[in-house]
Amino acid sequence: MICAIQTERILRENQDFIMRRYELFASMENNLSALMNFDVKNQATEYGKLLNEALEIGMSVQK
């Protein structure tokens, strides 16, 4: 019971610290998500370029 009361007091006294850490984690999660989206878009663009080159080669071979 004493440990629970001490823990509750520590958490109550350090709410600002806890909230800053939570906000930092949320910000990092958003940044990671944005980076992953950028990587997916970058890969899709690269695949699109390769597909376009393959189609151009195919069309030139057909001619």
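Basis of the calculations
- Residues numbered from 1 in each chain as written.
- Predicted model: local features only at pLDDT ≥ 70, side-chain atom pairs only at ≥ 80, totals over all residues.
- Heavy atoms only, no water.
- Helix = DSSP H or I, 4+ residues; strand = E, 2+ residues; numbered from the N terminus.
- Rg over C-alpha atoms; globule rule 2.2 N^0.38 Å.
- Buried < 20%, exposed > 50% of the residue type's maximum accessible area, 1.4 Å probe, protein only.
- Areas by Shrake-Rupley, 256 points an atom, 1.4 Å probe, with all protein chains shown as cover.
- Lys, Arg positive; Asp, Glu negative; His and termini not counted.
- Charge placed at Lys NZ, Arg CZ, Asp CG, Glu CD.
- Patch = residues over 30% accessible without salt bridge, like charges linked within 9 Å, V, L, I, M, F, W, Y side chains within 5 Å.
- Salt bridge = Lys/Arg side-chain N within 4 Å of Asp/Glu carboxyl O.

*Asks:* Looking at this model, I keep getting lost on the overall build of the protein chain. Mind explaining?
*Replies:* If you tally the helices and strands in the protein chain, you get 2 helices and 0 strands. For a compact globule of 63 residues, the expected C-alpha radius of gyration is about 11 Å, and the protein chain comes in at 26 Å, more than 25% above that figure. Taken over the C-alpha atoms alone, the protein chain extends approximately 85 × 20 × 5 Å along its principal axes. Buried positions account for 0% of the 63 residues belonging to the protein chain. Of the roughly 6,200 Å² of accessible surface on the protein chain, a fraction of 62% belongs to carbon and sulfur atoms. Charge-centre separation for the protein chain: the mean point of 7 positive side chains lies 3 Å from the mean point of 9 negative side chains.

*Asks:* Looking at this structure, how should I read a nonpolar patch on the surface?
*Replies:* A cluster of nonpolar side chains, contributed by L11, F17 and I18, occupies part of the molecular surface with about 260 Å² of accessible area. Among the residues examined, I18 registers a relative accessible area of 36% and is labelled partly exposed.

*Asks:* Any chance you could explain the pattern of salt bridges here in plain terms?
*Replies:* Where charged atoms from two side chains of opposite charge come close, those side chains can pair. On inspection of all chains with the given rule, the structure shows 2 salt bridges. Residue E8 is joined to R12 by a salt bridge in which the shortest nitrogen-to-oxygen separation is 3.0 Å. Here the residue E8 and the residue R12 both occupy positions in helix α1 (residues 2-13), the gap between them amounting to 4 residues, near one helical turn. Overall, the relative accessible area of 46% leaves R12 in the partly exposed class. Here E13 ties to R9 by a salt bridge, and the two come within 3.8 Å at their closest N and O atoms. Residue E13 and its partner R9 are located together in helix α1, separated by 4 residues, close to a single helical turn.

Honestly, it's all geometry; don't read function into it.
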